[in-house]
Amino acid sequence: MIDLYTASTFNGQRVSIMLEETGLDYSVHDINLVKGEQRHPDFLRLNPSGRIPVIVDHDASDKPFVLTQSVAILHYLAEKTGKLLPDSLIARARVYEWMNFHAIDIGSVLFSAFYLEKRVTPPQPEAAEILRKRIHELYQHFDQQLAHQDFLAGSSYSIADVTTFPALFGQEQELKDYQHLNRWLQQLNNRPAVKRGMRVPNLG
Ligand SMILES: N[C@@H](CCC(=O)N[C@@H](CS)C(=O)NCC(=O)O)C(=O)O
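Conventions adopted
Residues numbered from 1 in each chain as written. Predicted model: local features only at pLDDT ≥ 70, side-chain atom pairs only at ≥ 80, totals over all residues. Heavy atoms only, no water. Helix = DSSP H or I, 4+ residues; strand = E, 2+ residues; numbered from the N terminus. Rg over C-alpha atoms; globule rule 2.2 N^0.38 Å. Contact = heavy atoms within 4.5 Å. Areas by Shrake-Rupley, 256 points an atom, 1.4 Å probe, with all protein chains shown as cover. Lys, Arg positive; Asp, Glu negative; His and termini not counted. Charge placed at Lys NZ, Arg CZ, Asp CG, Glu CD. Near = heavy atom within 4 Å. Polar contact = N/O pair within 3.5 Å; in protein donor to acceptor, adjacent residues only side chain to side chain. Nonpolar A, V, L, I, M, F, W, Y, C, P; charged D, E, K, R; others polar. Buried < 20%, exposed > 50% of the residue type's maximum accessible area, 1.4 Å probe, protein only. Arc of directions from axis to C-beta. Domains from an automatic or database assignment. Buried area = accessible area lost by both parts, 1.4 Å probe. Salt bridge = Lys/Arg side-chain N within 4 Å of Asp/Glu carboxyl O.

## Remarks on the overall build of the protein
A tally of helices and strands in the protein yields 8 helices and 4 strands. Against the compact-globule benchmark of 17 Å for 204 residues, the protein has a radius of gyration of 17 Å, which places it among compact chains. Within the protein, residue pairs in contact and separated by at least 24 positions form 62% of the contacts whose partners lie at least 6 positions apart. Element-wise, carbon and sulfur atoms account for 52% of the exposed surface of the protein, whose accessible area totals about 10700 Å². Here the protein carries 21 positive and 24 negative side-chain charges, and the mean point of each set is 2 Å from the other.

In structure tokens form, the structure reads like this:
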């Protein structure tokens, strides 16, 4: 059994989608980030950096095995189950390429733009606009990739898709000009496991 400590953010939803896709038995612990539950001593014992998501795998060889960082968790769950990761070295490398592309290049810029627009005083709209332009260049690149293949890393659904989906889903307005990216978003959103994973931790 796996304990998942999470919240309704794209880093958390990546992991809940992956857990749903693998069919592993897991139980959810909703960490209220607004109330600061991520800084409670019990949570800091699991992740001293005070961030979700965290998993605790009670069935690992080194048990209980605590793991943080959403992308590392996706790798771990894919290797543990043999799901959403291709067999060949070359195909796997392609998955890592697109996974990191989103998690590092797009994810960090999205985060910075959000902070500049919504979290700093006074807001820095000009700096945020520069980042937004960069984000759109990267979306364009994803759109071109999806013009000639079903999924980000090729013909098979993989952890590269799971990494990327939660951050882009729900941004139809922002993404309306990216035809192939939109097709891919709808395709993933039709997967029952993705729908269930996106509702964690608010299943009600
Ligand atoms: N690179 C980390 C990022 C984790 C992260 O930033 N989590 C945020 C929510 S999306 C968090 O827990 N923030 C709480 C805080 O900053 O106090 C991952 O992919 O897991």
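That was the structure; now back to the text.
## Quick notes on the site of the ligand
Every residue close to the ligand is listed here: Thr9, Asn11, Leu33, Gln38, Arg39, Gly50, Arg51, Ile52, Pro53, Gln69 and Ser70. In the environment of the ligand, an oxygen atom lies 2.9 Å from a nitrogen or oxygen atom belonging to the side chain of Gln38. Here the shell around the ligand is composed, by residue class, of 3 nonpolar, 6 polar and 2 charged.

## What to know about helix α8 (residues 192–199)
Residues Ala193, Val194, Gly197 and Met198 constitute the buried set of α8. Buried residues of α8, viewed axially, fall in a sector of 130 degrees; they line one side. Taken together, the buried residues of α8 touch α1 (10–22), α6 (159–168) and α7 (179–189).

## Concerning the domain arrangement of the protein
For the protein, the domain assignment lists domain 1 (2–83 + 194–199) and domain 2 (89–191). Relative placement of domain 1 and domain 2: their C-alpha centres are 21 Å apart. For the pair domain 1 and domain 2, the two sides together bury roughly 1400 Å², of which 71% comes from carbon and sulfur. Here Glu21 and Arg191 are joined by a salt bridge, their closest N and O atoms 2.9 Å apart. Inspection of the domain 1/domain 2 interface yields 6 residue pairs in polar contact (both at pLDDT 80 or more). For the side of domain 1 that touches domain 2, the secondary-structure elements that each account for two or more residues are α1, α3 (70–81) and α8. Of the residues forming the side of domain 1 that touches domain 2, the biggest block, 6 residues, is contributed by α1. Its residues placed into classes, the side of domain 1 that touches domain 2 shows 8 nonpolar, 2 polar and 4 charged.

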